[in-house]
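# Geometric and topological summary
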Amino acid sequence: MSTPTERAATALLVIDLQNDVVAGAHDAEGVLARTAALVDRARAEGAPVVWVQHEDEWMPRGSELWQLAAPLARGDDEPLVHKKYRDSFADTALESVLERLDVRRLVVAGAQSDVCIRTTTQRAAADGYDVTLVGDAHTTVDADLGDLTLTGEQIIAHTNVYFSELTYPGQTFAVANAADVTLS
């Protein structure tokens, strides 16, 4: 098994942009449009696109709630990773998919910013991947914390700041808007 630092490719990782997950999320329509444009660019540039979809008892695999939100559509030859936890690597085939594709760097878009996006990007960093978080292509819903309510917009901004300051030895991390992301 190779480690990410021994690999060369960049992949676009699209996490949980599903009907139920984006319902009520901040700027969901814009995030979906920007992600769809990134998917088109990745395909045109020959960068692999890897899809992750969450499933559980209220969002069972194959249900309408589980489906990718429009305008997103997975290509028949693009890997789909099924997950049940916030961490897209936990108890899934994601690592083996990325190894097969020779992926060193992940460009990450998706939902929810404060849950699956933050957990997966942190895990990818700890596991040795270089990671670019697409700052305007991840989203979440407002969070009611009892005495405090954070808007989705605030959570997204905090996630971007948190990730932009992440450091690990010998790795690179970035937050970039979709229009500025490089995939090759």
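Everything numeric here is computed off the predicted structure, so don't read it as measured data.

### Topic: the sheet that holds strand E8 (residues 173–176)
Remark on secondary structure: sheet strands pair via backbone hydrogen bonds, oriented parallel or antiparallel. If you walk across this open sheet you meet the 6 strands as E3-E2-E1-E4-E5-E8, and the pairing is parallel. Pairing within the sheet leaves two strands with one partner each, and these edge strands are strand E3 (80–83) and E8. Ignoring strand direction, the axes of neighbouring strands in this sheet form an average angle of 20 degrees. Examined bridge by bridge, strand E1 (residues 9–15) and strand E4 (residues 103–111) share 7 bridges and lie parallel to one another. Paired with Ile15 across the bridge in E4 is Gly110. Helix H2 (residues 28–45) rests against E1, strand E2 (49–54), E4 and strand E5 (130–139) of the sheet, and its axis sits at about 140 degrees to E5.

### Some words on the pattern of salt bridges
A full pass over the atoms with the stated rule returns 10 salt bridges. The partner of Glu45 in a salt bridge is Arg41, with the nearest N and O atoms 4.0 Å apart. Separated by 4 residues within a single helix, Glu45 and Arg41 lie in helix H2, roughly one turn from each other. Here Asp127 and Arg123 are joined by a salt bridge, their closest N and O atoms 2.9 Å apart. Classification of Asp127 as partly exposed rests on a relative accessible area of 33%. Of the residues examined, Arg123 reaches a relative accessible area of 30% and is grouped as partly exposed. Here the salt bridges share partners, and the residues they tie into one network are Asp27, Arg34 and Asp136.

### Topic: the nonpolar core
Soluble globular proteins tend to bury their nonpolar side chains together. Counting 30 residues, the largest nonpolar core has Leu12, Leu17 and Leu38 as the members making the most contacts within it. Among the secondary structure elements, those contributing two or more residues to this core are E1, helix H1 (19–22), H2, E2, E4 and E5. In terms of residue count, H2 provides more of this core than any other element does, 7 residues in total. Excluding its chain neighbours within four sequence positions, the residues that come into contact with Leu38 are Leu12, Val134, Ala137, Ala178, Val181 and Leu183.

Procedures and definitions
- Residues numbered from 1 in each chain as written.
- Predicted model: local features only at pLDDT ≥ 70, side-chain atom pairs only at ≥ 80, totals over all residues.
- Heavy atoms only, no water.
- Pairing = 2+ DSSP bridges.
- Helix = DSSP H or I, 4+ residues; strand = E, 2+ residues; numbered from the N terminus.
- Axes fitted to C-alpha atoms, helices over the stretch in contact; angles between N-to-C directions.
- Contact = heavy atoms within 4.5 Å.
- Salt bridge = Lys/Arg side-chain N within 4 Å of Asp/Glu carboxyl O.
- Buried < 20%, exposed > 50% of the residue type's maximum accessible area, 1.4 Å probe, protein only.
- Core = buried A, V, L, I, M, F, W, Y, C linked by side-chain atoms within 4.5 Å.

Functional significance is not addressed by these values, which are geometric in nature.
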